[in-house]
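Here is how the chains run, residue by residue.
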Amino acid sequence: MANSTDKLSRLAELEWMRAEIVARRLAQRAILTSIAALIGFLALAALSFGFFLILAVPVGEAFAALIVGGVLAALAAIIIALAMRTPGRTAELESQLLDRSITDARNDLREGFGGGGSSNLATIITVLTALSALSPTLASYIQPILKIIR
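Now for a look at the structure at hand. (Residues numbered from 1 in each chain as written. Predicted model: local features only at pLDDT ≥ 70, side-chain atom pairs only at ≥ 80, totals over all residues. Heavy atoms only, no water.)

## Structural notes on the pattern of salt bridges
For side chains bearing opposite charge, pairing can occur when the charged atoms are close. All told, the structure shown has three salt bridges when counted by the stated rule. Here Arg24 ties to Glu20 by a salt bridge, and the two come within 2.6 Å at their closest N and O atoms. Residue Arg24 and its partner Glu20 are located together in helix α1 (residues 2-59), separated by four residues, close to a single helical turn. Given the relative accessible area of 57%, Arg24 is considered exposed. Here Glu20 falls in the partly exposed class, since its relative accessible area comes to 32%. Of the charged contacts in the structure, one is a salt bridge between Arg25 and Glu94, with a shortest N-O distance of 1.8 Å. Of this pair, Arg25 sits in helix α1 while Glu94 sits in helix α3 (residues 89-114), placing them 69 residues apart in sequence. (Salt bridge = Lys/Arg side-chain N within 4 Å of Asp/Glu carboxyl O. Helix = DSSP H or I, 4+ residues; strand = E, 2+ residues; numbered from the N terminus. Buried < 20%, exposed > 50% of the residue type's maximum accessible area, 1.4 Å probe, protein only.)

Written out as structure tokens, the structure reads:
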């Protein structure tokens with residue numbers, strides 16, 4: 001049973017690492033995006049007003065507003081296209097390696113339970129179910145593990 005417990009512990013640790021990596025990436029991206037958006041908004045407002053004032057004299061206020069608005073719409077389209085691009089090769093490889101490790105850990109765990117350890121499996125499932133009934137927080141961590149080993 002200790003071997004199966006070690007495998008289950010390894011699987012849980014790998015799943016936690018994957019969730020932590022994704023959460024850190026998202027948090028870092030959100031902070032940097034927020035800062036860049038604020039600075040960009042302020043700069044864009046100042047530039048837009050400046051270009052409007054420059055264009056208002058030769059072409060008139062209405063056409064100046066249309067020109068500045070068109071340029072801003074094109075800039076927004078470019079930024080959206082950049083935001084929608086696929087992740088880089090490094091992030092893709094990191095994700096594939098972690099997925100492979102998790103798959104291997106799941107297979108090791110299943111093999112450990114398959115080799116005459118059905119009574120151990122029933123005991124582990126019973127203990128995990130009882131622990132998950134203690135609190136919703138524990139249940140949120142234990143339920144994915146129960147889905148894997150059932």
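## Comments concerning helix α5 (residues 136-149)
In a regular helix each residue adds 1.5 Å, so 14 residues correspond to 20 Å; α5 covers 20 Å between its end C-alpha atoms and thus fits that length. Within α5, the axis deviates most sharply at Ile142, by approximately 35°, and proline Pro144 lies no more than four positions further along. Among the residues of α5, Ala139, Ile142, Ile145, Leu146, Ile148 and Ile149 are the ones counted as buried. (Expected span 1.5 Å × (residues − 1). Bend = angle between axes of the 7 residues up to and from the residue.)

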